[in-house]
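Residue-level listing of the chains:
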2 protein chains.
Amino acid sequence: MPATIDPAQPVTTLINVFTVRPERQAELVALLSKATEEVMSGLPGFVSANLHASTDGTRVVNYAQWTSADAMRAMLANPVAQPHMAAAAELAESYEPHLYTVEAVHTQSPS
Amino acid sequence: MPATIDPAQPVTTLINVFTVRPERQAELVALLSKATEEVMSGLPGFVSANLHASTDGTRVVNYAQWTSADAMRAMLANPVAQPHMAAAAELAESYEPHLYTVEAVHTQSPS
């Protein structure tokens, strides 16, 4: 089942929307995926990160979950993670990270 | 488990980022949730929709999945759905919908 969220397990959600030139979109996805695999996923409090490429070529979205906002802030301050984030920022035209709470989950009723 | 995606089931993902005045954020979440529950979730091809409120009060994100881009476009043209989308657009300062493909899924390894 796609994109299910267990309301019983509270998480902090980071949605980071990168604006990117279409010719650099694939490179940005690859860079973020490698950084997540090699660094972020091993840090305390990491839950998941799903990377998305817009079909119009102009956006990359990282939808990431951490066990707490503190765990996510510790990642942002981590000296091993920082060069990867700087490289992503360099590839993108702009980026807009915000922390979110999940307010509602709707799924198709079984038919 | 939060936010898992089954790569074997292809879906079209719509990520719509609304910019909103903080005093209207809760109202926008409630409006989108009601529209999803009462209209969108009953339309052909609806898979799921998760609504998020940014902790800084300035954003609402609808992360929605449909079985195909055609199903999603049919929703956009649906005369019952349109007034709900117009009401959301009216409440928001701006909104930025894009269609996405899921490029990578990273989850914490079981420890």
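The structure reproduced in this document is the subject of the present report.

Examining the relation of the copies chain B and chain A
Each copy superposes on the other: chain B lies on chain A with an RMSD of 0.0 Å after a rotation of 180° and an axial shift of 0.0 Å. Both chain copies can therefore be described as sitting about a two-fold axis. A share of 100% of interface residues in chain B that are also interface residues in chain A marks the association as one of identical surfaces.

Things to note about the interface of chain B and chain A
In this assembly, 43 residues from chain B lie in contact with 43 residues from chain A. Of the roughly 3,800 Å² buried at the junction of chain B and chain A (both faces included), carbon and sulfur atoms supply 54%. One can count 2 salt bridges joining chain B with chain A. One salt bridge connects A:Glu96 with B:Arg59, and the closest N-O pair in it is separated by 2.9 Å. The tally of links from chain B across to chain A stands at 22 residue pairs in polar contact (both at pLDDT 80 or more). At the level of secondary structure, the elements contributing two or more residues to the side of chain B that touches chain A comprise β1 (12–19), α1 (25–38), β2 (46–54), β3 (59–66) and β4 (94–107) of chain B. Here the side of chain B that touches chain A takes 11 residues from β4(B), the largest share from any one element. Considered class by class, the residues forming the side of chain B that touches chain A number 20 nonpolar, 17 polar and 6 charged. Bridging between strand β2 (residues 46–54) of chain A and β4(B) involves 7 bridges; their strand directions are antiparallel. Residue pairing in the sheet places A:Ser48 in a bridge with B:Thr107 of β4(B).

Points about the pattern of salt bridges
Residue and element names in this part refer to chain A. Under the definition given, this model contains 10 salt bridges over all chains. In this structure, arginine 73 engages aspartate 70 in a salt bridge whose closest nitrogen and oxygen atoms are separated by 3.0 Å. Separated by 3 residues within a single helix, arginine 73 and aspartate 70 lie in helix α2 (residues 69–76), roughly one turn from each other. Its relative accessible area of 55% is what places aspartate 70 among the exposed residues. Residues joined by salt bridges that share partners form a network here, namely Arg21, Glu23 and Glu93.

Here's the deal with the packing of helix α1 (residues 25–38) of chain A against helix α3 (residues 82–91) of chain A
Residues and elements named next belong to chain A. It is at 10 Å that the axes of α1 and α3 come closest, and there the two elements cross at 170°. Taken together, the axis directions place α1 and α3 in an arrangement best described as roughly antiparallel. Between α1, through Glu27, Leu28, Leu31, Leu32 and Ala35, and α3, the contact on the second element is made entirely by His84, Ala87, Ala88 and Leu91.

Some points on the pairing of β1(B)
Residue and element names in this part refer to chain B. Along β1, 7 of the 8 residues are buried, which leaves the element largely enclosed by surrounding structure. Summarising the sheet, β1 and β3 pair through 8 bridges and their orientation is antiparallel. Bridge pairing links threonine 19 to arginine 59 in β3. Bridge count between β1 and β4: 7 bridges; the pairing is antiparallel. Along β4, the bridge assignment pairs threonine 19 with serine 94.

Rules used in this analysis
Residues numbered from 1 in each chain as written. Chains lettered and ligands numbered in written order. Predicted model: local features only at pLDDT ≥ 70, side-chain atom pairs only at ≥ 80, totals over all residues. Heavy atoms only, no water. Least-squares fit on C-alpha atoms with pLDDT ≥ 70 in both. Contact = heavy atoms within 4.5 Å. Buried area = accessible area lost by both parts, 1.4 Å probe. Salt bridge = Lys/Arg side-chain N within 4 Å of Asp/Glu carboxyl O. Polar contact = N/O pair within 3.5 Å; in protein donor to acceptor, adjacent residues only side chain to side chain. Helix = DSSP H or I, 4+ residues; strand = E, 2+ residues; numbered from the N terminus. Nonpolar A, V, L, I, M, F, W, Y, C, P; charged D, E, K, R; others polar. Pairing = 2+ DSSP bridges. Buried < 20%, exposed > 50% of the residue type's maximum accessible area, 1.4 Å probe, protein only. Axes fitted to C-alpha atoms, helices over the stretch in contact; angles between N-to-C directions. Parallel < 35°, antiparallel > 145°, perpendicular 65-115°, else oblique.

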